[in-house]
Amino acid sequence: MAEYEMVIGLEVHCQLATKTKLFCGCATDGFGAVANTRVCPVCTGQPGVLPVLNKRAVELAFQAALALDCKLADVSIFARKNYFYPDLPKAYQISQYEQPFSQHGRLECRLKDGAAKVVRIHRIHLEEDAGKLLHAIGSEELDHSLVDFNRGGTPLIEIVSEPDIRVSDEAYAYLTALREVLIYSGASRCDLEKGEMRCDANISVRLKGAEKFGTRAEIKNLNSFKNVKDALEYEFRRQVEIVESGGKVVQETRLWNAEKMATFSMRSKEEAHDYRYFPDPDLVPLEAKPAWVAALKAGLPELPAARRARLTSEFRLSSYDAEVLTSKKEVADSFLETMKLLAPEDAKALANLMLNTADFSPIDAPRMAELVTLTRRVITVNKAKELYPELRASGKSPKTLVEEKGLAQVSDEGQLREWVKAALAANPQAAADLRGGKERAIGSIVGAVMKLSKGKANPGLVNKLIKEAVNAGA
Ligand SMILES: [Zn+2]
C-alpha cells in the first residue's frame, strides 16, 4: 500500500442561497415541506413554458467563482443535458457544458499539521437541480416510487477540482475550506443536512512517482465529509488490491454504502449515459459585463484566509485561536463587532470566552462587550462562561444578571483578609510550605479561599493578600 498513492478529483454541488429557483419564481425553501408544493409549469416541464434566468443566482455564482480565484468567461452558454429519469420532468437538465461561466481557480486548504495545500479548481458551472425520488421498496403498502419536485430547478453550482488531491485527509481539508469560502462569500449556506452541499469523488491509484493516471472510479452517495474520507480509504485499498493481484481497475460509477463501509458497482462505462448535450435554444448566452463583474468583486466580503491573518496580526491572537474563531462565520463576525466596543487588550479575553464556552452562539455586541468588561474586575472568566447560556436565553444585560444572582466578585480587602486567615489556619501544611519558600503551595491556599468565598473572591487580590499575610508572619 505504501508504494501507491491516490489521485483524487472532487465534484461538489452547492445550492446557491437564492429565495427562488433558477428559471422560475418558485421558492427554494421546499426542504422538509409537503411534497410538490413548490412547483409551477416551468419547473415541472409543462409544454409551452419558457425559462427566465434568475439574476440573483448568477450574482451568487459569480461571487463564488471570484472567491475561488477563478477566471470568469465573458460569455457562457446554457446547455441541455439529456437523460430520461423520473426526477427530471423535462427529460433534460439545464446546465453548462462547453462554455462554463468560470474556470481555472485555486483554493488553499489547511491540513491537520498546519501545512497548506493548494488545490486547483478546473471549472465551475451553473445548473438546475433535479427532483427527489422517494422509494417505497420493501414496504407492505407501496411497491412503487414517488417523486417530489420541490427541489427541481433549484440553482446549483458544480465545482470541479483538478486531480490534485493525494490523500483522504486532503480531500477532507479541501471540502472544509471550500465550505468556509462559500459561506463567507454569501454564495451558499452549504447546509449539509439539507443536501445544500453534495460531493462525488473521482479516484484512481498509481505507484508513487508515476506520471500516468490509473483508471478511475467515480464514487457517489457521499453525504458527509467523513463519508468522503472513509470511501476514499476503502476505494484506495480495493484498487491497490486489484492492481497488485495483476487485475485491471474498471472505469465505473460506484455507490458508497456507509453502513457496510464499502463501495458497490452501480454502472460501468459501457452503460454510462450519453447526454447528447446541446445549447439550450430557449436561453440567450450569459454575458458578464466587466463593470458588473468589477462591482461584484468590490462587494465581496472578507474571506476566511484574510480574516485569519487579520485576527493574528491586528488582535494578536494565536493562529490556533484565529483558526477556530473563523471556522464559523457568525462567531468571527461577532468577535469583530464586539471588538469595536472594546480595547485591543481585551481581544484575548473575548476569544477565550467565545472559544471556551460550551455550545457558544453569539449574542449582540453591546452585551458581549459588557460581559468581557465585567471579567476585568467584577466576575471571573469562569463565572462569565457559566452565566452565558442564561444571558443568551434571557436577553437581560450581564450587569443585571450579575446583580440578580449576587455573583459580583468580592474585592473588599477586609473580607478577603478574613478568608485568607481562615484558609491558612485550615491548611497548616501548605501554609508551612509557603513560609518555607515553596511558592507553588500558594495554589491550595487560593483554592481554599475561593471555596470559602463560593468562587467570588477576586483571585488577583487573594494572591496578593496571601503573600502579604505570609510575609507578615501569619
Ligand atoms: Zn417553478
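Given the structure is predicted, the values throughout are model-derived calculations rather than measurements.

What counts, and where the lines are drawn
- Residues numbered from 1 in each chain as written.
- Predicted model: local features only at pLDDT ≥ 70, side-chain atom pairs only at ≥ 80, totals over all residues.
- Heavy atoms only, no water.
- Pairing = 2+ DSSP bridges.
- Helix = DSSP H or I, 4+ residues; strand = E, 2+ residues; numbered from the N terminus.
- Buried < 20%, exposed > 50% of the residue type's maximum accessible area, 1.4 Å probe, protein only.
- Arc of directions from axis to C-beta.
- Contact = heavy atoms within 4.5 Å.
- Donors = N, O, S within 2.8 Å, 3.2 Å for Na, K, Ca; no water.
- Tetrahedral: all angles 85-135°; square planar, octahedral: opposite > 155°, others 65-115°.
- Axes fitted to C-alpha atoms, helices over the stretch in contact; angles between N-to-C directions.
- Parallel < 35°, antiparallel > 145°, perpendicular 65-115°, else oblique.
- Left-handed = near helix turned anticlockwise from the far one by under 90°.
- Nonpolar A, V, L, I, M, F, W, Y, C, P; charged D, E, K, R; others polar.
- Domains from an automatic or database assignment.
- 1 Å grid on protein atoms, 1.4 Å probe; cavity = no way out; pocket = protein on both sides within 12 Å on 5 of 7 lines; lining within 4 Å.
- Points joined across faces, edges and corners; volume = space filled by probe spheres on them.
- Salt bridge = Lys/Arg side-chain N within 4 Å of Asp/Glu carboxyl O.

Undergrad: Can you tell me about the sheet that holds strand S15 (residues 278-279), naming the residues and giving the values?
TA: The three strands are arranged S5-S4-S15 in an open sheet whose pairing can be described as antiparallel. At either margin of the open sheet sits one strand with a lone partner, and together these are strand S5 (92-96) and S15. Of the strand pairs in this sheet, strand S4 (residues 78-82) and S5 are connected by five bridges, and their pairing is antiparallel. Of the residues in S5, the one forming a bridge with Lys81 is Gln93.

Undergrad: So, helix H8 (residues 347-356): which residues are in play, and what are the values?
TA: Along H8, the positions that sit buried rather than exposed are Ala347, Leu350, Ala351, Leu353 and Met354. Along H8, the residues classed as buried sweep out an arc of 160° about the axis, all on the same side. Against the buried residues of H8 lie helix H6 (319-326), helix H7 (329-339), helix H9 (365-377) and helix H10 (381-394).

Undergrad: Just give me the short version of the coordination of the zinc ion, but keep the residues and values in it.
TA: Each donor-metal-donor angle in an ideal tetrahedron of four donors is 109.5 degrees, and each such angle in an ideal octahedron of six donors is either 90 or 180 degrees. Only Cys24 (SG), Cys26 (SG), Cys40 (SG) and Cys43 (SG) from the protein coordinate the zinc ion, and they sit 2.3 to 2.4 Å from it. Around the zinc ion sit four donor atoms; with metal-centred angles ranging over 101 to 114°, the donor geometry is tetrahedral.

Undergrad: Describe the packing of helix H2 (residues 168-185) against helix H3 (residues 225-244), with residues and values.
TA: Each pair of packed helices can be described by the angle between their axes along with the distance between the axes. One way to put it is that H2 packs onto H3 with a least axis distance of 9 Å and a crossing angle of 155°. The angle between H2 and H3 places the two elements in the roughly antiparallel class. Viewed along their axes, H2 and H3 form a crossing whose handedness is right-handed. Across the interface between the two elements, Ser168, Asp169, Ala171, Tyr172, Leu175, Thr176 and Arg179 from H2 touch Phe225, Lys226, Val228, Lys229, Leu232 and Glu233 from H3. Among the residues forming the contact of H2 with H3, the class breakdown is six nonpolar, two polar and five charged.

Undergrad: Any details on the domain arrangement of the chain? Residues and values, ideally.
TA: When its domains are assigned, the chain resolves into domain 1 (4-291), domain 2 (302-405) and domain 3 (413-471). Between the C-alpha centres of domain 1 and domain 3 there is a distance of 63 Å.

Undergrad: Explain empty space enclosed by the protein to me, and be specific about the residues and the numbers.
TA: For the coordinates displayed, the defined rule picks out two cavities of 30 Å³ or more. Looking at the lining of the largest cavity, its residues break down into five nonpolar, three polar and four charged. As a volume, the second largest cavity reaches approximately 50 Å³. Forming the boundary of the second largest cavity are Leu175, Leu192, Met197, Arg198, Cys199, Leu222, Asn223, Ser224, Phe225 and Val228. Listing elements by their share of the lining of the second largest cavity, those giving two or more residues are strand S11 (197-207) and H3. When residues in the lining of the second largest cavity are grouped by element, the largest group, three residues, is from S11. For the lining of the second largest cavity, a count of residues per class yields seven nonpolar, two polar and one charged.

Undergrad: Explain unusual backbone geometry to me, and be specific about the residues and the numbers.
TA: Positive phi outside glycine occurs at Arg276, with the angle close to 50°. Along the chain, Arg276 falls in the loop between strand S14 (262-268) and S15. Judged by relative accessible area, Arg276 falls into the exposed class, the value being 60%. At Arg316, a residue that is not glycine, the phi angle is positive and equals roughly 55°. You can see Arg316 is positioned in the loop between helix H5 (304-313) and H6.

Undergrad: Could you give an account of the pattern of salt bridges, naming the residues involved and the relevant values?
TA: Tallied over the entire structure, the rule returns 38 salt bridges. Salt-bridge contacts for Glu59 lead to Arg56; the nearest nitrogen and oxygen are separated by 2.8 Å. With Glu59 and Arg56 both in helix H1 (residues 55-67) and three residues apart, the pair spans about one turn of that helix. Judged by its relative accessible area of 16%, Glu59 falls in the buried class. On the accessibility criterion, Arg56 (41% relative accessible area) is partly exposed.

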